[in-house]
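Observations on the model geometry
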Amino acid sequence: MDFTLDFSYLYATVARSLSIIGKRSTDDKGNRIFADITLGSREQAVAYDFFTTAVIDLCTELSKFMTAELHDLPEYTQTVYTTFWSTESPASLAPLITASDQLLYNPSANTLHTSSLSYPFSATTPDTDSLFDYNGNFYKWDGDELPQLTDEETALLSTEQREAATRLSFFNTDPASVQASQAGIYIYYNNAVYCSSRSASFSQGVTLPAGSVVVDPQGRAYLRQSDTLLNIPAGAQESVTISIDVPANWNTALITSLSQALKNYCVAYALYSWFVITAPRIAEKYLLDAKNMIAAVIRIAHEKTPPKEVLPFKHPTASFTDYTT
(Lines give C-alpha, C1' and ligand atoms only; values in the text may rest on other atoms or scores of the structure.)
Protein backbone atom coordinates (compact mmCIF):
# COMPACT_ATOMS: atom_id res chain seq x y z
CA MET A 1 0.00 0.00 0.00
CA ASP A 2 1.19 3.51 -0.86
CA PHE A 3 0.45 6.54 1.31
CA THR A 4 1.35 9.99 -0.02
CA LEU A 5 1.98 12.86 2.37
CA ASP A 6 1.61 16.06 0.34
CA PHE A 7 3.49 18.84 2.12
CA SER A 8 1.42 21.58 0.47
CA TYR A 9 -1.79 19.93 1.77
CA LEU A 10 -0.28 19.52 5.24
CA TYR A 11 0.90 23.12 5.22
CA ALA A 12 -2.57 24.39 4.31
CA THR A 13 -3.98 22.42 7.25
CA VAL A 14 -1.38 23.86 9.63
CA ALA A 15 -1.98 27.40 8.35
CA ARG A 16 -5.73 27.04 8.81
CA SER A 17 -5.26 25.70 12.34
CA LEU A 18 -2.89 28.50 13.28
CA SER A 19 -5.30 31.09 11.95
CA ILE A 20 -8.11 29.77 14.16
CA ILE A 21 -5.81 29.35 17.16
CA GLY A 22 -4.58 32.92 16.76
CA LYS A 23 -8.15 34.23 17.01
CA ARG A 24 -9.19 32.03 19.96
CA SER A 25 -6.15 31.70 22.24
CA THR A 26 -6.12 33.80 25.43
CA ASP A 27 -3.97 34.03 28.54
CA ASP A 28 -5.12 33.61 32.17
CA LYS A 29 -6.56 37.12 32.18
CA GLY A 30 -8.57 36.58 29.02
CA ASN A 31 -6.26 38.64 26.82
CA ARG A 32 -5.57 37.33 23.36
CA ILE A 33 -2.10 35.82 23.09
CA PHE A 34 -1.83 36.48 19.39
CA ALA A 35 -3.31 39.33 17.40
CA ASP A 36 -3.23 37.02 14.43
CA ILE A 37 -1.10 34.23 12.99
CA THR A 38 -0.29 34.47 9.31
CA LEU A 39 2.37 32.45 7.57
CA GLY A 40 4.78 33.71 4.94
CA SER A 41 7.30 32.00 2.68
CA ARG A 42 9.91 31.76 5.44
CA GLU A 43 7.45 30.09 7.79
CA GLN A 44 6.47 27.68 5.02
CA ALA A 45 10.07 26.53 4.71
CA VAL A 46 10.20 25.95 8.48
CA ALA A 47 6.91 24.00 8.39
CA TYR A 48 8.29 21.79 5.61
CA ASP A 49 11.28 21.03 7.84
CA PHE A 50 8.86 19.95 10.57
CA PHE A 51 7.05 17.67 8.11
CA THR A 52 10.34 16.10 7.07
CA THR A 53 11.16 15.28 10.69
CA ALA A 54 7.65 13.90 11.22
CA VAL A 55 8.07 11.60 8.21
CA ILE A 56 11.30 10.28 9.71
CA ASP A 57 9.40 9.44 12.90
CA LEU A 58 6.70 7.63 10.93
CA CYS A 59 9.22 5.65 8.91
CA THR A 60 11.00 4.65 12.12
CA GLU A 61 7.81 3.45 13.80
CA LEU A 62 6.69 1.60 10.66
CA SER A 63 10.13 0.24 9.76
CA LYS A 64 8.93 -3.37 9.98
CA PHE A 65 6.36 -2.68 7.27
CA MET A 66 8.26 -0.17 5.15
CA THR A 67 9.35 -1.25 1.67
CA ALA A 68 10.02 2.16 0.06
CA GLU A 69 10.20 5.88 0.70
CA LEU A 70 10.00 8.20 -2.29
CA HIS A 71 10.39 11.98 -2.17
CA ASP A 72 8.50 13.57 -5.05
CA LEU A 73 9.36 16.99 -6.43
CA PRO A 74 7.26 18.93 -8.93
CA GLU A 75 8.15 19.01 -12.60
CA TYR A 76 8.76 22.56 -13.77
CA THR A 77 9.15 23.76 -17.35
CA GLN A 78 12.87 24.17 -16.66
CA THR A 79 15.20 25.03 -13.80
CA VAL A 80 17.93 27.63 -14.39
CA TYR A 81 20.88 28.18 -12.03
CA THR A 82 22.20 31.69 -12.52
CA THR A 83 25.60 33.23 -11.84
CA PHE A 84 24.43 36.84 -12.16
CA TRP A 85 21.09 38.36 -11.18
CA SER A 86 20.73 42.00 -12.16
CA THR A 87 18.62 44.56 -13.96
CA GLU A 88 21.75 46.30 -15.28
CA SER A 89 22.66 46.09 -18.95
CA PRO A 90 24.55 42.90 -19.86
CA ALA A 91 27.37 44.95 -21.39
CA SER A 92 28.08 46.67 -18.06
CA LEU A 93 28.43 43.26 -16.37
CA ALA A 94 30.73 41.74 -18.98
CA PRO A 95 33.87 42.61 -16.94
CA LEU A 96 32.57 40.25 -14.19
CA ILE A 97 32.49 37.20 -16.47
CA THR A 98 34.94 34.52 -15.38
CA ALA A 99 33.96 31.67 -17.74
CA SER A 100 31.79 30.83 -20.71
CA ASP A 101 28.21 29.60 -20.23
CA GLN A 102 27.60 31.64 -17.08
CA LEU A 103 23.98 32.81 -16.90
CA LEU A 104 22.73 36.33 -16.25
CA TYR A 105 19.05 36.74 -15.38
CA ASN A 106 17.21 40.05 -15.56
CA PRO A 107 14.10 39.65 -13.36
CA SER A 108 12.48 42.84 -14.66
CA ALA A 109 12.70 41.88 -18.32
CA ASN A 110 12.51 38.11 -17.65
CA THR A 111 15.45 37.54 -19.95
CA LEU A 112 18.31 35.08 -19.68
CA HIS A 113 21.75 35.84 -21.11
CA THR A 114 24.64 33.41 -21.61
CA SER A 115 28.26 34.49 -21.21
CA SER A 116 31.06 33.93 -23.68
CA LEU A 117 34.69 34.28 -22.66
CA SER A 118 37.71 33.77 -24.89
CA TYR A 119 41.24 35.04 -25.37
CA PRO A 120 41.77 35.45 -29.13
CA PHE A 121 45.14 36.31 -30.64
CA SER A 122 45.70 39.42 -32.66
CA ALA A 123 48.82 40.81 -34.31
CA THR A 124 50.68 43.43 -32.35
CA THR A 125 53.46 45.78 -33.34
CA PRO A 126 56.34 45.71 -30.84
CA ASP A 127 58.63 48.63 -30.40
CA THR A 128 61.88 48.36 -32.30
CA ASP A 129 64.55 46.54 -30.30
CA SER A 130 61.91 44.95 -28.02
CA LEU A 131 63.46 41.91 -26.38
CA PHE A 132 61.72 38.50 -26.32
CA ASP A 133 62.61 35.30 -24.51
CA TYR A 134 61.70 31.81 -25.77
CA ASN A 135 62.97 28.85 -23.73
CA GLY A 136 66.04 30.81 -22.60
CA ASN A 137 66.91 32.04 -26.06
CA PHE A 138 66.64 35.78 -26.68
CA TYR A 139 65.26 37.56 -29.73
CA LYS A 140 65.12 41.25 -30.67
CA TRP A 141 62.43 42.78 -32.86
CA ASP A 142 64.04 44.72 -35.72
CA GLY A 143 60.82 46.19 -37.12
CA ASP A 144 60.15 43.42 -39.64
CA GLU A 145 61.08 40.13 -38.02
CA LEU A 146 62.44 38.58 -34.83
CA PRO A 147 66.02 37.36 -35.28
CA GLN A 148 67.74 35.43 -32.49
CA LEU A 149 70.63 37.10 -30.67
CA THR A 150 74.04 35.58 -31.06
CA ASP A 151 75.83 34.14 -28.05
CA GLU A 152 77.98 37.26 -27.91
CA GLU A 153 74.93 39.56 -27.96
CA THR A 154 73.16 37.45 -25.32
CA ALA A 155 76.19 37.63 -23.05
CA LEU A 156 76.00 41.41 -23.13
CA LEU A 157 72.44 41.47 -21.75
CA SER A 158 72.10 42.65 -18.19
CA THR A 159 70.08 40.79 -15.58
CA GLU A 160 67.45 43.52 -15.73
CA GLN A 161 67.14 43.19 -19.52
CA ARG A 162 66.76 39.42 -19.30
CA GLU A 163 64.03 39.67 -16.63
CA ALA A 164 62.17 42.40 -18.54
CA ALA A 165 62.09 40.43 -21.80
CA THR A 166 58.61 39.43 -23.02
CA ARG A 167 58.10 35.67 -22.74
CA LEU A 168 57.04 33.87 -25.91
CA SER A 169 54.86 30.85 -25.19
CA PHE A 170 55.02 29.57 -28.76
CA PHE A 171 57.48 30.10 -31.60
CA ASN A 172 56.52 29.64 -35.26
CA THR A 173 53.15 28.25 -34.21
CA ASP A 174 49.96 29.34 -35.97
CA PRO A 175 47.82 31.30 -33.45
CA ALA A 176 44.70 29.74 -34.99
CA SER A 177 45.82 26.38 -33.61
CA VAL A 178 46.30 27.66 -30.05
CA GLN A 179 43.58 28.34 -27.48
CA ALA A 180 44.76 30.76 -24.82
CA SER A 181 43.41 30.56 -21.27
CA GLN A 182 44.35 34.10 -20.31
CA ALA A 183 45.38 37.45 -21.70
CA GLY A 184 49.02 38.29 -22.37
CA ILE A 185 50.09 35.07 -24.13
CA TYR A 186 52.61 35.86 -26.90
CA ILE A 187 53.28 33.92 -30.09
CA TYR A 188 55.76 34.58 -32.89
CA TYR A 189 54.56 33.30 -36.25
CA ASN A 190 55.33 34.11 -39.85
CA ASN A 191 57.30 37.29 -39.07
CA ALA A 192 54.63 38.66 -36.75
CA VAL A 193 54.09 38.81 -32.99
CA TYR A 194 50.64 37.92 -31.68
CA CYS A 195 49.20 38.54 -28.23
CA SER A 196 46.03 37.14 -26.62
CA SER A 197 43.49 39.54 -25.14
CA ARG A 198 40.31 39.06 -23.13
CA SER A 199 37.00 39.03 -25.00
CA ALA A 200 33.85 38.69 -22.87
CA SER A 201 30.21 39.33 -23.66
CA PHE A 202 26.66 38.18 -22.96
CA SER A 203 24.34 36.82 -25.61
CA GLN A 204 21.07 38.45 -26.58
CA GLY A 205 18.43 37.78 -23.94
CA VAL A 206 16.07 34.82 -24.20
CA THR A 207 12.65 35.08 -22.57
CA LEU A 208 11.98 32.39 -19.98
CA PRO A 209 8.61 30.63 -20.34
CA ALA A 210 6.05 30.67 -17.54
CA GLY A 211 6.54 27.80 -15.12
CA SER A 212 10.32 28.13 -15.15
CA VAL A 213 12.26 28.08 -11.91
CA VAL A 214 15.16 30.51 -11.60
CA VAL A 215 17.77 30.00 -8.88
CA ASP A 216 19.70 33.12 -7.89
CA PRO A 217 23.45 33.12 -7.03
CA GLN A 218 22.58 32.67 -3.32
CA GLY A 219 20.64 29.48 -4.07
CA ARG A 220 17.15 30.93 -3.59
CA ALA A 221 14.58 29.56 -6.04
CA TYR A 222 11.80 31.52 -7.71
CA LEU A 223 8.91 30.33 -9.85
CA ARG A 224 8.05 32.47 -12.86
CA GLN A 225 4.29 32.88 -13.21
CA SER A 226 3.23 35.39 -15.86
CA ASP A 227 4.94 38.65 -14.80
CA THR A 228 5.51 37.56 -11.20
CA LEU A 229 8.36 35.80 -9.44
CA LEU A 230 7.25 33.66 -6.51
CA ASN A 231 9.77 32.53 -3.94
CA ILE A 232 9.90 28.76 -3.54
CA PRO A 233 10.93 27.69 -0.03
CA ALA A 234 13.36 24.80 0.25
CA GLY A 235 11.44 21.60 -0.39
CA ALA A 236 8.32 23.48 -1.48
CA GLN A 237 5.56 21.44 -3.10
CA GLU A 238 7.36 18.31 -1.96
CA SER A 239 5.47 15.15 -1.16
CA VAL A 240 6.64 11.88 0.33
CA THR A 241 5.22 8.51 -0.62
CA ILE A 242 5.79 5.62 1.74
CA SER A 243 5.07 2.04 0.75
CA ILE A 244 3.88 -0.30 3.48
CA ASP A 245 3.65 -4.06 3.14
CA VAL A 246 1.29 -5.51 5.77
CA PRO A 247 0.42 -9.15 6.49
CA ALA A 248 -2.27 -10.85 4.40
CA ASN A 249 -4.63 -10.84 7.37
CA TRP A 250 -4.24 -7.10 8.05
CA ASN A 251 -7.57 -5.36 8.52
CA THR A 252 -7.92 -3.57 5.18
CA ALA A 253 -10.96 -1.69 6.47
CA LEU A 254 -8.51 0.56 8.33
CA ILE A 255 -6.78 1.97 5.23
CA THR A 256 -8.62 5.31 5.40
CA SER A 257 -7.97 5.71 9.12
CA LEU A 258 -4.29 4.84 8.73
CA SER A 259 -3.91 7.39 5.92
CA GLN A 260 -5.56 10.10 7.99
CA ALA A 261 -3.56 9.20 11.11
CA LEU A 262 -0.32 9.61 9.15
CA LYS A 263 -1.38 13.08 8.02
CA ASN A 264 -2.69 14.05 11.45
CA TYR A 265 0.62 13.14 13.06
CA CYS A 266 2.54 15.38 10.66
CA VAL A 267 0.17 18.29 11.34
CA ALA A 268 0.22 17.79 15.13
CA TYR A 269 4.01 17.51 15.14
CA ALA A 270 4.35 20.74 13.12
CA LEU A 271 1.95 22.61 15.43
CA TYR A 272 3.75 21.32 18.50
CA SER A 273 7.14 22.33 17.07
CA TRP A 274 5.74 25.77 16.24
CA PHE A 275 4.25 26.46 19.65
CA VAL A 276 7.09 24.98 21.68
CA ILE A 277 8.90 28.24 20.82
CA THR A 278 6.07 30.74 20.59
CA ALA A 279 3.62 29.47 23.24
CA PRO A 280 4.90 26.52 25.33
CA ARG A 281 1.61 26.14 27.20
CA ILE A 282 -0.30 25.60 23.96
CA ALA A 283 2.46 23.29 22.72
CA GLU A 284 1.58 20.71 25.39
CA LYS A 285 -1.80 20.10 23.76
CA TYR A 286 -0.29 19.35 20.36
CA LEU A 287 2.45 17.22 21.87
CA LEU A 288 -0.31 15.04 23.33
CA ASP A 289 -2.07 15.01 19.94
CA ALA A 290 1.14 13.92 18.24
CA LYS A 291 1.68 11.13 20.76
CA ASN A 292 -1.89 9.93 20.33
CA MET A 293 -1.59 9.94 16.54
CA ILE A 294 1.70 8.03 16.49
CA ALA A 295 0.17 5.50 18.88
CA ALA A 296 -2.83 5.21 16.56
CA VAL A 297 -0.58 4.67 13.56
CA ILE A 298 1.30 1.87 15.32
CA ARG A 299 -1.91 0.26 16.59
CA ILE A 300 -3.63 0.38 13.19
CA ALA A 301 -0.58 -0.95 11.35
CA HIS A 302 -0.52 -4.01 13.62
CA GLU A 303 -4.27 -4.64 13.55
CA LYS A 304 -5.20 -7.99 12.03
CA THR A 305 -8.53 -9.61 11.29
CA PRO A 306 -9.46 -12.50 13.62
CA PRO A 307 -9.02 -16.00 12.20
CA LYS A 308 -12.14 -17.51 10.72
CA GLU A 309 -13.54 -20.73 12.22
CA VAL A 310 -13.14 -23.64 9.83
CA LEU A 311 -16.06 -26.13 10.04
CA PRO A 312 -15.60 -29.78 9.09
CA PHE A 313 -16.71 -30.65 5.60
CA LYS A 314 -20.23 -32.13 5.45
CA HIS A 315 -21.37 -34.02 2.40
CA PRO A 316 -24.76 -32.71 1.24
CA THR A 317 -26.31 -36.20 1.32
CA ALA A 318 -24.95 -37.10 4.74
CA SER A 319 -27.28 -37.23 7.75
CA PHE A 320 -26.58 -36.13 11.30
CA THR A 321 -26.25 -39.74 12.39
CA ASP A 322 -23.38 -40.24 9.94
CA TYR A 323 -21.23 -38.06 12.22
CA THR A 324 -22.28 -39.73 15.41
CA THR A 325 -22.00 -43.40 14.57
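The following refers to the structure shown. Since the model is a prediction, treat every value here as computed from it, not as a measurement.

Turning to the overall build of the protein, a few remarks are in order. In terms of regular secondary structure, the protein is built from seven helices and 18 strands. For the protein, buried positions account for 35% of its 325 residues. In the protein, of all internal contacts separated by at least 6 residues, the share reaching a separation of at least 24 is 63%. Accessible area of the protein: about 19,500 Å², with a carbon and sulfur share of 51%.

Attention now goes to the sheet that holds strand E16 (residues 221-225). Taken in spatial order, the four strands make up an open sheet running E3-E15-E16-E17, and their pairing is mixed. Strands with a single pairing partner mark the edges of an open sheet, and in this sheet they are strand E3 (79-81) and strand E17 (228-232). Between one strand axis and the next, the sheet turns through 25° on average, direction left out of account. As judged from the five bridges shared by E16 and E17, these two strands associate in the antiparallel manner. Directly across from Tyr222, in E17, lies its bridge partner Asn231.

The next thing to look at is the environment of Thr207. Note that Thr207 resides in strand E14 (residues 206-207). With residues near it in sequence (within four places) discarded, Thr207 still touches Asn110 and Thr111.

Time to look at the packing of helix H6 (residues 255-278) against helix H7 (residues 280-301). The N-to-C vectors of H6 and H7 enclose an angle of 155°; their axes lie 8 Å apart at closest approach. In terms of orientation, H6 lies roughly antiparallel with respect to H7. The crossing of H6 and H7 is left-handed. Residues belonging to the contact of H6 with H7 are distributed by class as follows: 20 nonpolar, three polar and one charged.

This brings us to the nonpolar core. In this structure, Phe51, Leu58, Leu62, Ile242, Ile244, Leu262 and Phe275 are the most contacted members of the largest nonpolar core, which totals 45 residues. Those elements giving two or more residues to this core turn out to be strand E1 (2-6), helix H1 (7-24), helix H2 (41-61), strand E18 (239-244), H6 and H7. Looking at this core element by element, the count peaks at 12 residues for H6. Residues within four places of Phe51 in sequence aside, it is in contact with Phe7, Leu10, Tyr11, Val14, Cys266 and Ala270. By size, the runner-up hydrophobic cluster in this structure holds 13 residues, among which are Ala94, Leu104, Val178 and Ile187.

With that settled, the discussion passes to the sheet that holds strand E7 (residues 121-124). Judged by pairing direction, the sheet is mixed, and its six strands sit side by side in the order E7-E12-E11-E10-E8-E9 without closing on themselves. Two strands lie at the open edges of the sheet, namely E7 and strand E9 (137-140), each paired on one side alone. The sheet shows a mean angle of 40° between the axes of neighbouring strands, taken without regard to direction. By the bridge criterion, two bridges tie strand E8 (residues 131-134) to strand E10 (residues 166-171) in an arrangement that is parallel.

Conventions adopted
- Residues numbered from 1 in each chain as written.
- Predicted model: local features only at pLDDT ≥ 70, side-chain atom pairs only at ≥ 80, totals over all residues.
- Heavy atoms only, no water.
- Helix = DSSP H or I, 4+ residues; strand = E, 2+ residues; numbered from the N terminus.
- Buried < 20%, exposed > 50% of the residue type's maximum accessible area, 1.4 Å probe, protein only.
- Contact = heavy atoms within 4.5 Å.
- Areas by Shrake-Rupley, 256 points an atom, 1.4 Å probe, with all protein chains shown as cover.
- Pairing = 2+ DSSP bridges.
- Axes fitted to C-alpha atoms, helices over the stretch in contact; angles between N-to-C directions.
- Parallel < 35°, antiparallel > 145°, perpendicular 65-115°, else oblique.
- Left-handed = near helix turned anticlockwise from the far one by under 90°.
- Nonpolar A, V, L, I, M, F, W, Y, C, P; charged D, E, K, R; others polar.
- Core = buried A, V, L, I, M, F, W, Y, C linked by side-chain atoms within 4.5 Å.

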